[in-house]
Amino acid sequence: IRANAIAILTVAWILGTFYYLWQDNKPAAAASSSASQPRGRSRGQKAASGRLEIRRDDRTIPLIVTQLPRAEQQGHLLGSFDEKAYLTEKLLKPGVDPYQDHAFNVLESDRVGSERAIRDTRHYRCASISYDPELPSTSIIITFHNEARSTLLRTVKSVLMRSPPSLIQEIILIDDFSSDPEDCQLLVHIPKVRCLRNVRREGLIRSRVRGANAASAPILTFLDSHCEVNTDWLQPMIQRVKEDHTRVVSPIIDVISLDNFAYLAASADLRGGFDWSLHFKWEQIPIEQKMARSDPTQPISRTPVIAGGIFVMDKSWFNRLGQYDTHMDIWGGENFELSFRVWMCGGSLEILPCSRVGHVFRKRHPYEFPEGNALTYIRRNTRRAAEVWMDEYKQYYYSARPSAQGKAFGSITDRVSLRKKLNCKPFRWYMENVYPELRVPEQEAVTSVLRQGGLCLEARGAEWLGLAECRGVGTNRPQSQRWELIEPLIRQQDLCLAISAFSPGSKVKMEPCNAKEARQKWKPKGSVLQHLVSGLCLDSQTPTGPLAITQCRPQAAGQSWEPQIIT
Ligand code: LR7
Ligand code: MN
């Protein structure tokens, strides 16, 4: 009887496998339209048309569903873990708003389960790439604060289901002082899962560092706590890092709808960018780069920044580069700090289109910020990044985020000496080589007269320059007495104030503007106009002529220039 039963089971299993393969090979539209279309259409609409307009997904594209491991493997994956008990203990009470605690629809997350099939969103050519059979293993690091159990579990299980087991050394969960320690502790019954709990709220930056310090694999993989990894997500990333340990790589981050948990493909030609307030944004890769991309499976190299949550990095390289700035608290800014540091100190950042990881994007933070609100921390953290890494460009950060000024941000001595020790390039290099598309804000031109007593600085073309009676008021001032002060130039139409030589007594004249010409560079300092390179000051009372440069004497009447702005 036993032998018979085994024979029957074997036949059934073979038939089942064939049926499965046949299903997979059928024209994909027929195989999956019933499974995904109606729901996706009716409920997916909101997510697709809402704030994530760049992440539109064509729901009519035939779906190819990722293969699930068979039931017995499934059991093996979870060890003694009791999934049902874990989830049902925390189900949403009737009448409670499903968005309240997590800023996504937790009812839907609970409902879709932990091992659903999702569409393989990669370019089809990715599936035929083969990777090194001897890839190094990785420690997965997931930090969380009061994550929903079903999303946390789906993150962990998708990693176990969709990664070659030999590549997963361990999954380290850092419970950042969540209300219920069991959210984390119960999960250690799953093989390879470890749980570290912070004794106080640290924020994601110090939590990740704690995870990295506990990791035993040579490669680190960071994930947010509400992700769902897709087919073969890990191999492309580890491969790139193995080939060159200074590469820091990210997947394309697909969108999991916060309303219905539909898994939506993100556009494959986006990269990470920012504006001067250090606000992260996805942007189109530059058109030349787009046209040069003949192979859609190739990395999107030269992303100026990464989103920050999902990336793979060599552990020794992470440590050598100074991990993270652990004086950053709670949330925000660390992705800029890391990205600038990687680029400026000899590494590179890239996005791999053959690696896909879904992430639940939210519209608000569901958790508390211990002091103040999110902005309190964003300001402080991004300010630290700007102060350490942005050199003279930090002025643009401060003009774009004036509220960051004047607030304490702690000591940056350690990070500045780290930058020295690593011999990192200046931010100017980053601007020129990594992010030339980021425009430096136009200096706002100020038009004014330059008064000395009752007289005004006047130029009549290039022919005559000197002091003359001030004429007109406000907008009636004559053109010849109007000066545009666009640092470092002092400009009148196409002509600029220039010295003729760099020694004291050298005459001053008008000549065609050229912002690179050292003789034309000035800086107003109190009431004097100082020539930048010579350090001498514009003077009207000199023996050599009407206008020349002489040693600066701020009290001298001939060096006092009072700007009066013309509105
Ligand atoms: O105090 C905290 N402690 C934590 O452990 C606050 C948060 N966290 C955890 C949290 O549970 C989550 O796992 O940190 C992770 C990130 O927080 P989220 O998911 O609330 O924020 P987010 O998705 O907006 O985070 C993005 O920006 C952050 C800036 O500090 C981090 O870099 C996140 O890793 C980053 N997430 C991603 O890059 C995923 C793609 C999103 C985009 C763009
Ligand atoms: Mn997140």
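Before any of the text, the structure's been laid out above.
Residues numbered from 1 in each chain as written. Chains lettered and ligands numbered in written order. Predicted model: local features only at pLDDT ≥ 70, side-chain atom pairs only at ≥ 80, totals over all residues. Heavy atoms only, no water.

(A) View of the coordination of the manganese ion (ligand 2). Every protein donor of the manganese ion (ligand 2) is listed here as Asp224 (OD), His226 (NE2) and His359 (NE2), and their distances to the metal cover 2.2 Å. Of note, the manganese ion (ligand 2) draws all its donor residues from one chain, in the sequence arrangement D-x1-H-x132-H. With Asp224 in the loop between strand E4 (219-223) and strand E5 (227-229) and His359 in strand E12 (residues 348-360), this residue pair connects regions lying 135 residues apart in the sequence. Overall, the relative accessible area of 12% leaves His359 in the buried class. (Donors = N, O, S within 2.8 Å, 3.2 Å for Na, K, Ca; no water. Helix = DSSP H or I, 4+ residues; strand = E, 2+ residues; numbered from the N terminus. Buried < 20%, exposed > 50% of the residue type's maximum accessible area, 1.4 Å probe, protein only.)

(B) Summary view of the pairing of strand E21 (residues 528-531). Both faces of E21 are covered, namely the face carrying Val528 and Gln530 and the face carrying Leu529 and His531. Judged from the four bridges that link them, strand E20 (residues 522-525) and E21 form a sheet pairing that is antiparallel. In the strand pairing of E21, Lys523 is matched with Gln530. Linking E20 back to E21 in an antiparallel pair, the connection comprises two residues, with Gly526 at a positive phi of about 60°. (Pairing = 2+ DSSP bridges.)

(C) Layout of the state of the cysteines. According to the stated counting rule, one finds six disulfides in the structure shown. Each disulfide pairs two cysteine sulfurs, and for Cys496 the partner residue is Cys513, the sulfurs being separated by 2.0 Å. Here Cys496 and Cys513 share a disulfide; its torsion about the S-S bond, 95°, makes the bridge right-handed. Taken as a pair, Cys496 in strand E18 (residues 495-499) and Cys513 in the loop between strand E19 (508-512) and E20 lie far apart in primary sequence, 17 residues in all. A residue is classified by how much of its surface remains accessible, and Cys496, at 0% relative accessible area, is buried. One disulfide in the model links Cys537 with Cys552; its S-S distance is 2.0 Å. (Disulfide = S-S within 2.5 Å.)

(D) How the structure looks around empty space enclosed by the protein. Considering all chains together, one arrives at two cavities of 30 Å³ or more under this definition. The wall of the second largest cavity is formed by Ser250, Pro251, Ile253, Gly272, Trp282, Thr303, Val305, Ile306, Ala307 and Ile351. In terms of residues, the lining of the second largest cavity owes the most to one element, strand E6 (residues 247-256), which gives three residues. For the lining of the second largest cavity, the class distribution of residues is seven nonpolar, three polar and no charged. (1 Å grid on protein atoms, 1.4 Å probe; cavity = no way out; pocket = protein on both sides within 12 Å on 5 of 7 lines; lining within 4 Å. Points joined across faces, edges and corners; volume = space filled by probe spheres on them. Nonpolar A, V, L, I, M, F, W, Y, C, P; charged D, E, K, R; others polar.)

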